[in-house]
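# Reading the structure
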Amino acid sequence: MSLAGKTILMSGGSRGIGLAIALRAAADGANIAMLAKTDTPHPKLEGTIHTAAEQIRAAGGQALPIVGDVREDDDITEAVLKTQGEFGGIDIVINNASVIDLSRSLDLGPKKYDLMQDVNVRGTFMLSRAAVPILKDAENPHILSLSPPLNATPKWLGAHTGYTLAKFGMTMATLGLAAEFARDGIAANTLWPRTTIATAAVKNLLGGDKVMAASRTPEIYADAAYAVLVKPAASYTGQTLIVEDVLEADGVTDFSSYAAVPGTPDNALFPDIFLD
């Protein structure tokens, strides 16, 4: 199986996990359209949608950077139409864009709460919905959202309620789409890692260099996403998948090459949130 010639529409993707997934698909010769806001460099974060496009092309893929906001319906419509116009269709939608704020409920500002709901939940639903009519014509259509399994234990419901609602909302939207469009052969799944991933969000919001050193690289997420996206859509849908489980099912049992700091044993890695 291969993603050669397949067209992916992704929200975000200028850096981190989204970019790693895009580069893995580009190695097959995939077409990647990215809807993201990062038109100009951020003072604290590396990468823009344009530098990401350059890396995708260098990796062997075609790139279509689309500057826009997944919160805006007009931008979503434009992204879908531009992608279809440029590449002739859409095979895959990846809901990568996400906002994180781990503040406790009394400390979480209303605007930040709304932002997480708008980007994570509404953005996932609206981008996926807008692409569905085109996905129906694809040979092996997939929707993949980077969100966790639903875990209603008090530990996670009460840890950071606003963020938990937003991430679980992404998952519920995706599972709903899986059920609704199963007859059309459109797969919709979620994917989440067992350990923290070495990204800017982890460094800035979850624990700095210490947690970064105890994380895995974004490439493990990218390899698992690739494994999901080449599966037959008609039978591989409606699942809340774990990165390592996906790879293990494909015969990968040694994850040492994914350690952000080479030589770090698996039992020294930092567990990601939402998984018991």
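Please refer to the structure higher up on the page.
Here goes a summary of the coordinates provided.

What counts and how
Residues numbered from 1 in each chain as written. Predicted model: local features only at pLDDT ≥ 70, side-chain atom pairs only at ≥ 80, totals over all residues. Heavy atoms only, no water. Buried < 20%, exposed > 50% of the residue type's maximum accessible area, 1.4 Å probe, protein only. Helix = DSSP H or I, 4+ residues; strand = E, 2+ residues; numbered from the N terminus. Pairing = 2+ DSSP bridges. Right-handed = clockwise from strand over helix to strand, strands pointing away. Axes fitted to C-alpha atoms, helices over the stretch in contact; angles between N-to-C directions. Contact = heavy atoms within 4.5 Å. Expected span 1.5 Å × (residues − 1). Core = buried A, V, L, I, M, F, W, Y, C linked by side-chain atoms within 4.5 Å. Phe/Tyr/Trp six-rings, centres within 6.5 Å; stacked < 30°, edge-to-face > 60°. Lys NZ or Arg CZ within 6 Å of the ring centre and 35° of its normal.

## What to know about the pairing of strand β2 (residues 31-36)
Counting buried positions over the six residues of β2 gives six, a clear majority of the element. By the alternation rule, side chains of β2 split into N31, A33 and L35 and I32, M34 and A36, which are all buried. Inspection of the sheet shows strand β1 (residues 7-11) paired to β2 by five bridges, in the parallel sense. Bridging from a neighbouring strand, L9 pairs with A33 of β2. Both β2 and strand β3 (residues 62-67) contribute to a ladder of six bridges, which runs parallel. Bridging across to β3, I32 finds its partner in A63. For the handedness criterion, the β-α-β arrangement of β2, helix α2 (residues 49-59) and β3 is classed as right-handed.

## So, unusual backbone geometry
Of note, the phi angle at F274 is positive, near 85°, even though the residue is not glycine. Mapped onto the secondary structure, F274 falls in the segment after α9 (243-249).

## Focus on the sheet that holds strand β6 (residues 187-192)
Here we have seven strands laid out as an open sheet, ordered β3-β2-β1-β4-β5-β6-β7, and parallel in their pairing. Bordering the open sheet on either side are β3 and β7 (240-242), each of which pairs with just one other strand. Across this sheet, the average inter-strand angle for adjacent strands is 20°, counted without regard to direction. Across four bridges, the pairing between strand β4 (residues 92-95) and strand β5 (residues 142-145) is parallel. Bridge pairing in β5 places I92 opposite H142. Along the sheet, helix α6 (residues 161-180) makes contact with β4, β5, β6 and β7, crossing β6 at roughly 150°.

## Looking at helix α8 (residues 218-229)
Because an α-helix completes one turn every 3.6 residues, residues spaced three or four positions apart along the sequence face the same direction. The terminal C-alpha atoms of α8, which comprises twelve residues, lie 17 Å apart, in line with the 16 Å expected from a rise of 1.5 Å per residue. All buried positions along α8 are accounted for by P218, I220, Y221, A222, A224, A225, Y226, A227, V228 and L229. Close packing links the buried residues of α8 with α1 (16-26), β4, β5, β6, β7 and α9.

## What about the nonpolar core?
Grouped burial of nonpolar side chains is what soluble globular proteins tend to show. I32 and L191 are the most contacted members of the largest nonpolar core, which totals 82 residues. Those residues within four positions of L191 in sequence are excluded, and the remaining contacts are L144, S145, L146, S147, Y221, A224, A225, L241, I242, V243 and V246.

## Digging into the packing of aromatic side chains
Each aromatic ring pair is summarised here by two numbers: the centre-to-centre distance and the angle between the ring planes. The final tally for this structure, using the stated rule, is five aromatic pairs. Seen from their ring centres, W156 and F274 are 5.9 Å apart, and the 55° between their planes marks the pair as tilted. Of this pair, W156 sits in helix α5 (residues 154-157) while F274 sits in the segment after α9, and the two are 118 residues apart along the sequence. Accessibility expressed as a relative area gives 1% for F274, which makes it buried. Among the aromatic residues, those joined into a ring-pair cluster are W156, Y163, F168, W192 and F274. Above the ring of Y226, the side-chain terminus of R24 is found at 3.7 Å from the ring centroid.

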